[in-house]
Amino acid sequence: MEIHGNAVKVVKAWFSDASQLGDIRPLAGNPEVFAKAFWHRGRPLGVGTVLLGAGFPCRELSQVNQSRRGLDHGDTARFEEAKILFKALLEERQPKDPPLRVIFENVQSMPNESRDRITKELREIDPNIECVGIDAVHVSLARRPRYWWTNWYVQRFDDELESTHKGVRHLAPCLEVPKADEVLEDGYLPRWKDDGRFHTFTRCRPVKQEPSKPTGKATASAEALERWAQDSWRYSPYQYEDDLLVWKGDQWRCLNANERMAVSYTHLTLPTKRIV
């Protein structure tokens, strides 16, 4: 479900038969109707598993946001509606229906109290929920430390690939990651070495003037802020630091859409369609 115009277009381009139901809040206002319609449409498909994914907005939880307000504020509060729909789907499920699996996702930089509250409230719906930490750095060229809440069985790894941090089990799958020059275009390269990584990518939104309360401005360097303005404040300020850009001599740019897709999904099989 997407609500922003360009995101809706992307989903339609890749998944033309996907249902676009829009804003989650009206659905959560009448969750029983949503759940009945969902299972009514899903049962004839004969699938082995039904998956509910909820990567609710992180702005009010992320440490990058110096003025974050917490789980109950802004778009981050969409966690509540996602939780309501999860509960309704589980209650509407019949014994012969396929299992309902859920994956909730958000940033690891949230306060511990928020993480524990999310875990507690999801376990009140399904006691099989487990919170695990996985960073995309182990499978791609991008750092993306995230918590994942799921009732799916999560394979336990060998000791060297599994650790405990802040009371949460963290997994570090060891997969070969391609070199940056294999995914970057036009001869551009990062300024970090082989073990470097890009940071989490953010939404591209060029504007005509500096936005209010931009994420990461307080900690960004003067050089990054200058590049940010030159690029029409397109991404968050910290994305314009030297080691998060790609370079050809003295020329710099942010990663383009195709590069971001390749960097983020190194170990997924993606269609060859390019983004323009």
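Sequence order as written defines the numbering, with residues in each chain counted from 1. Residues qualify for local features only when their pLDDT is at least 70, as the model is predicted, and side-chain atom pairs are given and counted only at 80 or more; totals for whole chains, interfaces and linings, by contrast, use all residues. Calculation of side-chain values draws on the structure's entire complement of heavy atoms; hydrogens and water are dropped beforehand.

1. Looking at the overall build of the protein
Right, on to step 1. Scanning the protein from N- to C-terminus turns up 7 helices and 8 strands.
Right, on to step 2. Each principal axis of the C-alpha distribution contributes one length, and for the protein these read about 60 × 45 × 40 Å.
Right, on to step 3. Carbon and sulfur atoms make up 52% of the accessible area of the protein, which amounts to about 16,500 Å² in all.
Right, on to step 4. Charged residues are defined narrowly, with Lys and Arg counted positive, Asp and Glu counted negative, and His plus the chain ends left uncounted. Here the site of a charge means NZ on Lys, CZ on Arg, CG on Asp, or CD on Glu. In the protein, the 41 positive side-chain charges and the 40 negative ones have mean positions that sit 5 Å from each other. Secondary structure elements are taken from DSSP: a helix is a run of H or I of four residues or more, a strand is a run of E of two residues or more, and numbering for both begins at the N terminus. Areas reported as accessible are Shrake-Rupley estimates using a 1.4 Å probe. Residue values count occlusion only from the protein chains shown.

2. Quick notes on the confidence of the model for the protein
Right, on to step 1. Confidence of the predictor at the level of single residues is given by pLDDT, which spans 0 to 100. The predicted model of the protein has a mean per-residue pLDDT of 89, with 95% of residues at 70 or higher.
Right, on to step 2. In this analysis, two residues are considered to be in contact whenever any of their non-hydrogen atoms come within 4.5 Å of each other. Overall, residues 267-276 carries pLDDT values under 50, and its contacts beyond four positions in sequence, including any with other chains, amount to 14 contacts.

3. Here we look at the sheet that holds strand S5 (residues 162-165)
Right, on to step 1. The criterion for strand pairing is that DSSP finds at least two bridges linking the strands in question. The strand order S1-S2-S4-S3-S6-S5 describes an open sheet built from 6 strands, whose pairing is mixed. The open sheet terminates on both sides in strands that have one partner only, identified here as strand S1 (50-54) and S5. Between one strand and the next, the sheet's axes are offset by a mean angle of 30°, whatever the strand orientation.
Right, on to step 2. Sheet topology note: the strand S3 (residues 130-135)/strand S4 (residues 145-150) ladder contains 6 bridges and is antiparallel. Bridge pairing in S4 places Asp-135 opposite Pro-145.
Right, on to step 3. In this analysis an axis means a line fitted to C-alpha atoms, helices contributing only their contacting stretch, and an angle means the value between N-to-C directions, from 0 to 180 degrees. Set on the sheet, helix H5 (residues 112-125) makes contact with strand S2 (100-107), S3, S4 and strand S6 (168-171); between it and S4 the angle comes to about 20°.

4. Describing the pairing of S1
Right, on to step 1. Partly exposed residues are those whose accessible area sits between 20% and 50% of the maximum for their type, while under 20% is buried and over 50% is exposed, using a 1.4 Å probe and protein chains only. Where burial is concerned, the two faces of S1 differ: the one with Val-50, Leu-52 and Ala-54 is buried and the one with Leu-51 and Gly-53 is not.
Right, on to step 2. At this point the chain moves from S1, through helix H4 (residues 78-92), to the parallel S2, and the crossover so formed is right-handed. Handedness is read with the strands pointing away from the viewer; a crossover is right-handed when the path from the first strand over the helix to the second is clockwise.

5. Details of the packing of H4 against H5
Right, on to step 1. In contact at an axis separation of 10 Å, H4 and H5 are set at 20° when each is read in the N-to-C sense. Here H5 runs roughly parallel to H4, going by the angle between their axes. Relative to H5, H4 is oriented so that their crossing is right-handed. Contacts between H4 and H5 pair Phe-79, Glu-80, Lys-83, Phe-86, Lys-87 and Leu-90 from the former with Ile-118, Glu-121, Leu-122 and Ile-125 from the latter.
Right, on to step 2. Classes in brief: Ala, Val, Leu, Ile, Met, Phe, Trp, Tyr, Cys and Pro nonpolar; Asp, Glu, Lys and Arg charged; the others, Gly included, polar. When its residues are assigned to classes, the contact of H4 with H5 shows 6 nonpolar, no polar and 4 charged. Each angle receives one of four descriptions, namely roughly parallel if under 35 degrees, roughly antiparallel if over 145, roughly perpendicular if within 65 to 115, and oblique otherwise. Note: crossing handedness is left-handed where the near helix turns anticlockwise from the far helix by less than a right angle, and right-handed where it turns clockwise.

6. Quick look at the environment of Asp-159
Right, on to step 1. As for its placement among the helices and strands, Asp-159 is situated in the loop between S4 and S5.
Right, on to step 2. Between the C-alpha atoms of Asp-159 and Arg-203, which are 44 residues apart in sequence, the distance is 36 Å.

7. What about the state of the cysteines?
In protein structure, a disulfide is the covalent linkage between the sulfur atoms of two cysteines.
Right, on to step 1. Any two cysteine sulfur atoms within 2.5 Å of one another count as a disulfide. Applying the stated rule across the entire model yields 0 disulfides.
Right, on to step 2. In this model Cys-131 remains outside any disulfide bridge; the closest cysteine sulfur is found in Cys-58, 15 Å from its own.

8. A word on empty space enclosed by the protein
Rolled over the atoms, a probe as big as a water molecule pinpoints where empty space is left.
Right, on to step 1. Of the grid points, spaced at 1 Å and generated over the protein atoms alone, those admitting a 1.4 Å probe that cannot get out make up cavities, while open sets with protein on both sides within 12 Å along at least five of seven lines make up pockets; any residue with an atom within 4 Å of a point is treated as lining. Grid points are joined across faces, edges and corners, and a volume is the space filled by probe spheres set on the points. Counted according to the given criterion, the structure contains 1 cavity of 30 Å³ or more.
Right, on to step 2. Considered as a void within the structure, the largest cavity measures approximately 30 Å³ in volume.
Right, on to step 3. Its residues assigned to classes, the lining of the largest cavity comprises 4 nonpolar, 1 polar and 1 charged.

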